[in-house]
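Structural description and commentary
These are the residues of each chain, in order.
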Amino acid sequence: MAKLSLQNIYKVYPGNITAVKDFNLEINDKEFIVLVGPSGCGKSTTLRMIAGLEEISQGQLYIDDRLVNDVAPKDRDIAMVFQNYALYPHMTVYENMAFGLKLKKTPKDEINKRVMEAAKILNIEEYLKRKPKALSGGQRQRVALGRAIVREPKVFLMDEPLSNLDAKLRVQMRTEISKLHQKLQTTFIYVTHDQTEAMTMGDRIVVMKDGIVQQVDTPLNLYNYP
Ligand code: ADP
Ligand code: ADP
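Below, the structure is looked at part by part. (Residues numbered from 1 in each chain as written. Chains lettered and ligands numbered in written order. Predicted model: local features only at pLDDT ≥ 70, side-chain atom pairs only at ≥ 80, totals over all residues. Heavy atoms only, no water.)

1. As for the layout of surface pockets
- The space that makes up the largest pocket amounts to roughly 730 Å³.
- Lining the largest pocket are 25 residues; nearest its centre among them are Ile 78, Ala 79, Met 80, Gly 100 and Arg 151.
- Counting residues per element, the lining of the largest pocket draws most heavily on helix α2 (residues 93-103), which supplies five residues.
- Residue composition of the lining of the largest pocket, grouped by class: 17 nonpolar, two polar and six charged. (1 Å grid on protein atoms, 1.4 Å probe; cavity = no way out; pocket = protein on both sides within 12 Å on 5 of 7 lines; lining within 4 Å. Points joined across faces, edges and corners; volume = space filled by probe spheres on them. Helix = DSSP H or I, 4+ residues; strand = E, 2+ residues; numbered from the N terminus. Nonpolar A, V, L, I, M, F, W, Y, C, P; charged D, E, K, R; others polar.)

2. Structural notes on the site of ligand 1
- Near ligand 1 the following residues occur: Tyr 13, Ile 17, Ala 19, Pro 38, Ser 39, Gly 40, Cys 41, Gly 42, Lys 43, Ser 44 and Thr 45.
- Taking Gly 40, its main chain carries an N or O atom lying 2.7 Å from an oxygen atom of ligand 1.
- Interatomic distance of 2.9 Å between a side-chain N/O atom of Lys 43 and an oxygen atom of ligand 1.
- Expressed as a share of its isolated accessible area of 560 Å², the protein-covered part of ligand 1 is 60%.
- Listing elements by their share of the shell around ligand 1, those giving two or more residues are β2 (17-27) and α1 (43-51).
- Element by element, the count of residues in the shell around ligand 1 is highest for α1, at three residues.
- Residue composition of the shell around ligand 1, by class: five nonpolar, five polar and one charged. (Near = heavy atom within 4 Å. Polar contact = N/O pair within 3.5 Å; in protein donor to acceptor, adjacent residues only side chain to side chain. Areas by Shrake-Rupley, 256 points an atom, 1.4 Å probe, with all protein chains shown as cover.)

3. Notes on α1
- The buried fraction of α1 is high, at seven of nine residues.
- Looking only at α1, the buried set comprises Lys 43, Thr 45, Thr 46, Leu 47, Met 49, Ile 50 and Ala 51.
- Where α1 ends, the next residue or the one after it, Gly 52, has phi of about 90 degrees, a positive value. (Buried < 20%, exposed > 50% of the residue type's maximum accessible area, 1.4 Å probe, protein only.)

4. Some details on the environment of Leu 128
- Along the chain, Leu 128 turns up in the loop between α3 (108-122) and α4 (137-149).
- Judged by its relative accessible area of 10%, Leu 128 is buried.
- Leu 128 sits 80 residues away from Arg 48 along the chain, and the two C-alpha atoms are 30 Å apart.
- The contact partners of Leu 128, leaving out residues within four places of it in the chain, are Thr 92, Val 93, Tyr 94, Met 97, Val 115, Met 116 and Ala 119. (Contact = heavy atoms within 4.5 Å.)

5. Some remarks on the packing of α2 against α4
- α4 packs onto α2 with a crossing angle of 30 degrees between their chain directions and a minimal axis gap of 8 Å. Classified by the angle between their axes, α2 and α4 sit roughly parallel to one another. As for the relative orientation of α2 and α4, their crossing is right-handed in sense. Contact residues: α2 offers Val 93, Asn 96 and Met 97, while α4 offers Val 143, Gly 146 and Arg 147.
- Among the residues making up the contact of α2 with α4, the classes are represented as three nonpolar, two polar and one charged. (Axes fitted to C-alpha atoms, helices over the stretch in contact; angles between N-to-C directions. Parallel < 35°, antiparallel > 145°, perpendicular 65-115°, else oblique. Left-handed = near helix turned anticlockwise from the far one by under 90°.)

Below, the structure is given as C-alpha cells:
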C-alpha cells in the first residue's frame, strides 16, 4: 500500500531556475498517475524529487503519511525505470535483475525466487543467460522493468520508459505496462511527453507546463474538456 502526498513542492535549480512551482497532488494507493507535458516542463524533476534523486527546494513530500523530504532514495521503498535502460553490459539478464538484491544481502534462494517470478511476468525466462547486447530493445526494456520489480517497491517511477522504442513496440509495451500495473497492484507514476500514451495508460493525468500543474483529471474528463 502506498499513497503519496505532494504539498506545495518547488524545485529551484542553481541560477534561480524554477523547474517546478507549487506542485500539489494526492496520489491514491494503486493509482496509475501520468505526468505529461512538453520537454522542459518539469516532469523529470518532479519524478526525481519523489525518488529522492533531487532535493526538494520547498514543500513537503509524504509517502504513506511519512515525511520523506530528507529520506535517502534507498529508504523510500521506490523503484525507478529510466528511458535509457542502464543495464550492466557485462552481466547476464539474470545477474542484472539480481544485482540490487545482492547488494542488499538478500538470501540467494529469495533472490532466485523473485528473479524467476519477475522473468515469468515479463516473459523473459528464455533470455536469463543472455547479455543485454544479445537482446532487442523491447527485451532490454523488460529487463529494466524486471530489475525494478524484484525489489518489490511500494511505488514505481517511470521516466519516458518507452521513448527509445520504435512505434509498434511502444504501443505493445504500453499495454504490457498497464497489465503489469494490474498485476503488481502498486502505485505507478509515469512520465511522458506523449499525450496518447498518457490518455491510454493513466488513471489520472497531471498536465504540466512551465513547471506548473495545469490540470489533474481522468482521461475521460480531459478528453471531454471544453
Ligand atoms: P521535463 O522532464 O519535463 O523535460 P525537466 O524536469 O527535465 O523537464 O526540466 C525542467 C526545467 O529545469 C528545464 O528548464 C530544465 O532545463 C531545468 N533543469 C533540469 N535539470 C536541471 C539541472 N540539473 N540544473 C539546472 N536546470 C535544470
Ligand atoms: P529529459 O528529456 O529526460 O528531461 P534532459 O535532456 O532535459 O532530459 O536532461 C537530461 C539530464 O540533464 C537530466 O539529469 C537533467 O537533470 C539534466 N539537465 C537538464 N537541463 C539541465 C540544465 N539546464 N542544466 C544542468 N543540467 C540539466
